[in-house]
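Coordinate inspection notes
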Amino acid sequence: MPEPTVVTATGTVVAADYFQSYSVVALIAVMGVLFVAVAFGAGRLLRPVVPTPEKLLTYECGVDPVGEGWAHTQVRYYVYAFLYVIFAVDSIFLFPWATVFAAPGYGAATLVEMFIFLGFLAVGLLYAYKKGVLTWT
């Protein structure tokens with residue numbers, strides 16, 4: 001049975017050659033999984049296993065764990081982290097805008113769109129400020 005061929009502008013390409021390149025990717029993936037499995041297996045076989053009561057305790061920076069393990073964290077840490085994530089993601093949207101803004105024919109439209117986008121960010125930041133989220137006391 002003849003192999004299927006695909007005719008392109010540069011010549012003919014045999015489909016078997018196309019799928020052969022995927023076999024190389026699959027072989028490298030299998031080798032990677034085997035490497036990790038062998039490393040974990042060797043670590044398990046070679047490490048010393050001598051459990052003592054001290055080794056079974058939870059390590060807390062050299063201090064013996066006393067009391068319950070529940071610690072209270074203030075919500076304001078999460079709010080600052082959330083605001084950071086919002087503005088970090090929004091800054092990613094500014095990079096493609098800069099490249100489109102530099103292209104001829106798109107300047108005025110992209111400028112207006114970006115100011116609308118930055119306006120929404122400013123309104124959100126102003127809302128957080130008015131609610132007192134950004135005050136640390």
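Residues numbered from 1 in each chain as written. Predicted model: local features only at pLDDT ≥ 70, side-chain atom pairs only at ≥ 80, totals over all residues. Heavy atoms only, no water.

Our next topic: the confidence of the model for the protein chain. Of all residues in the protein chain, 76% attain a pLDDT of 70 or more, and the chain-wide mean is 78. Of all the helices and strands in the protein chain, strand E1 (residues 5-8) carries the lowest mean pLDDT, 55, while helix H1 (residues 15-46) carries the highest, 88. (pLDDT = per-residue confidence, 0-100. Helix = DSSP H or I, 4+ residues; strand = E, 2+ residues; numbered from the N terminus.)

With that settled, the discussion passes to the side chain of Asp 90. You can see Asp 90 is positioned in helix H2 (residues 75-102). Within the buried core, Asp 90 has no salt-bridge partner, and the shortest N-O distance to an opposite charge, that of Lys 131, equals 20 Å. Beyond its immediate chain neighbours, meaning those up to four positions away, Asp 90 contacts Phe 117 and Leu 121. (Buried < 20%, exposed > 50% of the residue type's maximum accessible area, 1.4 Å probe, protein only. Lys, Arg positive; Asp, Glu negative; His and termini not counted. Salt bridge = Lys/Arg side-chain N within 4 Å of Asp/Glu carboxyl O. Contact = heavy atoms within 4.5 Å.)

Another aspect to go through is helix H3 (residues 107-130). An α-helix turns once every 3.6 residues. As a result, residues three or four positions apart point the same way. Across its 24 residues, H3 extends 34 Å between first and last C-alpha, which sits within 8% of the 34 Å expected from 1.5 Å per residue. Regarding H3, the residues found buried are Thr 110, Met 114, Leu 121 and Ala 128. One or two steps after H3, the chain reaches Gly 132, where phi turns positive at roughly 85°. (Expected span 1.5 Å × (residues − 1).)

Considering the arrangement of structural elements, one finds Leu 125 in helix H3. As a C-alpha pair, Leu 125 and Phe 87 span 38 residues in sequence and 9.7 Å in three-dimensional space. Residue contacts for Leu 125: discarding those within four places in its chain leaves Phe 87 and Leu 134.

This part is about a nonpolar patch on the surface. On the surface, a cluster of nonpolar side chains totalling about 430 Å² of accessible area is made up of Tyr 84, Val 85, Val 89 and Phe 93. Within the fold, Tyr 84 resides in helix H2. Among the residues examined, Tyr 84 registers a relative accessible area of 61% and is labelled exposed. (Patch = residues over 30% accessible without salt bridge, like charges linked within 9 Å, V, L, I, M, F, W, Y side chains within 5 Å. Areas by Shrake-Rupley, 256 points an atom, 1.4 Å probe, with all protein chains shown as cover.)

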